[in-house]
Structure formats: structure tokens, C-alpha cells
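Now for the letters of each chain:
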Amino acid sequence: MTGPDKIDPDGSTEVVAAEPTVLSGDADFKPVPHHAILTASMMLTVVMTALDTTIANVALPHMQGELSGTQDEMGWVLTSYIVATAIMIPLGGWLANEFGRRKVFLISVVVFTAASALCGLAQSLPQIVLFRFLQGAGGAALVPLSQAVLFDINPPKDFGRAMSWADG
């Protein structure tokens, strides 16, 4: 037998066709214009923040020589970014609820980009630590907001696929 069996109170069994399952909200979903561009932008944002999280590890020995810092002092370059991110991730959600995802996302991109440029121009250890802190603060909301946007622009049945693109 195929499909689910339905048992009547008299004990007879009736085979009924399985109904297609529809995830909640699929019927209400409206396609979003420029879906591919939005998806690519969100993917690029996630890659950019992930790359930035690890890039300082590679550059740390070169920065240590240029800035004449000890290993302990150079640890603050990494720590400042992590501390700012830890502070700003929960605040990013609150800010997005208060001011809107788009506004918070755009401000985060601007802060992150400007801080990245300032990191490249830093001439001292205190400057690079401060600019990495700003970079972490700007980049903290980008990954969660990117995922939220992907949830907004994809129907519920495609959430798994959309998240695999964003995280990959």
C-alpha cells in the first residue's frame, strides 16, 4: 500500500493519497525583485566578515614587527575585535528592531568598511586596536542581519538552501 492508511471506527482500512505538505507561510510568500543580487550581496557580506575575523591572525607577525609590539600587546589586536563583536551582536538585534534591518545593515557596512580602511592606515598599536574594535562593532550585526534578509527573501521551503549559501 502507498500513502497513509486511514482506519475507520468499524475497523476497515482506506488508503488515501498523501496531501502535499506546505510549510507555514509558503502561501503568503511573495517573490522579491532582484533576489539573486540580494542573495549574492548577503553571501559577500558573510564572506567579508568571516575573512576579516581571521585575517589579523595571518598579519599579526608583520604588524608586530612594524609596530614594535610584544606578543602580549599584539594580542589586543585580536581581542579588541572579539570584545566589540561580543558586545554588538545582541545590540545589533535590538537596534534592528528599533530602527529597521536595512538602516542598521547599511550603517554596519559603512562602519565596518571605514574601520577596515583605518586599520590599513594605522601607524601605532593603540590605533590598530581602536580601529579593530570599531571594525568588530561594525561587522558584528552583518552576519545575523544577512541571515535575516535571506529568510525574508526566500520562501520557508527554501530556508535550508538559503542558509547553506550564506554559511558556505
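Residues numbered from 1 in each chain as written. Predicted model: local features only at pLDDT ≥ 70, side-chain atom pairs only at ≥ 80, totals over all residues. Heavy atoms only, no water.

Novice: When you look at the pattern of salt bridges in this model, what are you seeing that I'm missing?
Specialist: Any two side chains of opposite charge can pair, on the condition that their charged atoms come close. According to the stated counting rule, one finds two salt bridges in the structure shown. As a salt-bridge pair, arginine 132 and aspartate 52 come within 3.3 Å of each other at their nearest N and O atoms. A residue pair is termed long-range when its members are at least 10 positions apart, and arginine 132 in helix α4 (residues 125-139) and aspartate 52 in helix α1 (residues 35-67) qualify at 80 residues. For arginine 132, a relative accessible area of 4% translates into the label buried. Among the ionic pairs, aspartate 152 bridges to arginine 101, the shortest N-O distance being 2.2 Å. Residue aspartate 152 is found in helix α5 (residues 142-153), and its partner arginine 101 is found in helix α3 (residues 101-121); the two are separated by 51 residues along the sequence. (Salt bridge = Lys/Arg side-chain N within 4 Å of Asp/Glu carboxyl O. Helix = DSSP H or I, 4+ residues; strand = E, 2+ residues; numbered from the N terminus. Buried < 20%, exposed > 50% of the residue type's maximum accessible area, 1.4 Å probe, protein only.)

Novice: Even after reading the chapter, I still don't get the nonpolar core, so can you show me in this structure?
Specialist: Taken as a class, soluble globular proteins show a tendency for nonpolar side chains to be buried jointly. Membership of the largest hydrophobic core comes to 14 residues, with the highest contact counts inside it found for Met42, Phe105, Leu145 and Leu150. The set of elements that each furnish at least two residues to this core consists of α2 (71-99), α3, α5 and α6 (159-167). The element that contributes the greatest number of residues to this core is α5, accounting for five residues. The residues contacting leucine 145, other than those within four sequence positions of it, are Ala96, Arg101, Val104 and Phe105. Core analysis: the second largest hydrophobic core is formed by ten residues, Ala56, Val77, Ala122 and Leu125 among them. (Core = buried A, V, L, I, M, F, W, Y, C linked by side-chain atoms within 4.5 Å. Contact = heavy atoms within 4.5 Å.)

Novice: Sorry, what's going on with α5 here?
Specialist: Count 3.6 residues to each turn of an α-helix, and residues three or four apart come out pointing the same way. Given a rise of 1.5 Å per residue, twelve residues ought to cover 16 Å, and the 16 Å separating the end C-alpha atoms of α5 matches this to within 8%. Every buried residue belonging to α5 is among Leu142, Leu145, Ser146, Ala148, Val149, Leu150 and Ile153, and all of these are buried. (Expected span 1.5 Å × (residues − 1).)

Novice: Got a minute to help me understand a nonpolar patch on the surface in this structure?
Specialist: Judged by side-chain polarity, Val83, Ile87, Leu91, Trp94, Phe99, Ile107, Val111, Leu130, Phe133 and Leu134 come together as a nonpolar surface patch covering roughly 870 Å² of accessible area. When residues of the nonpolar patch are traced back to their parent elements, those giving at least two are α2, α3 and α4. Examining the composition of the nonpolar patch, we find that five residues originate from one element, α2, more than from any other. On the secondary structure map, leucine 134 appears in helix α4. Residue classification places leucine 134 among the partly exposed residues on the basis of a relative accessible area of 34%. (Patch = residues over 30% accessible without salt bridge, like charges linked within 9 Å, V, L, I, M, F, W, Y side chains within 5 Å. Areas by Shrake-Rupley, 256 points an atom, 1.4 Å probe, with all protein chains shown as cover.)

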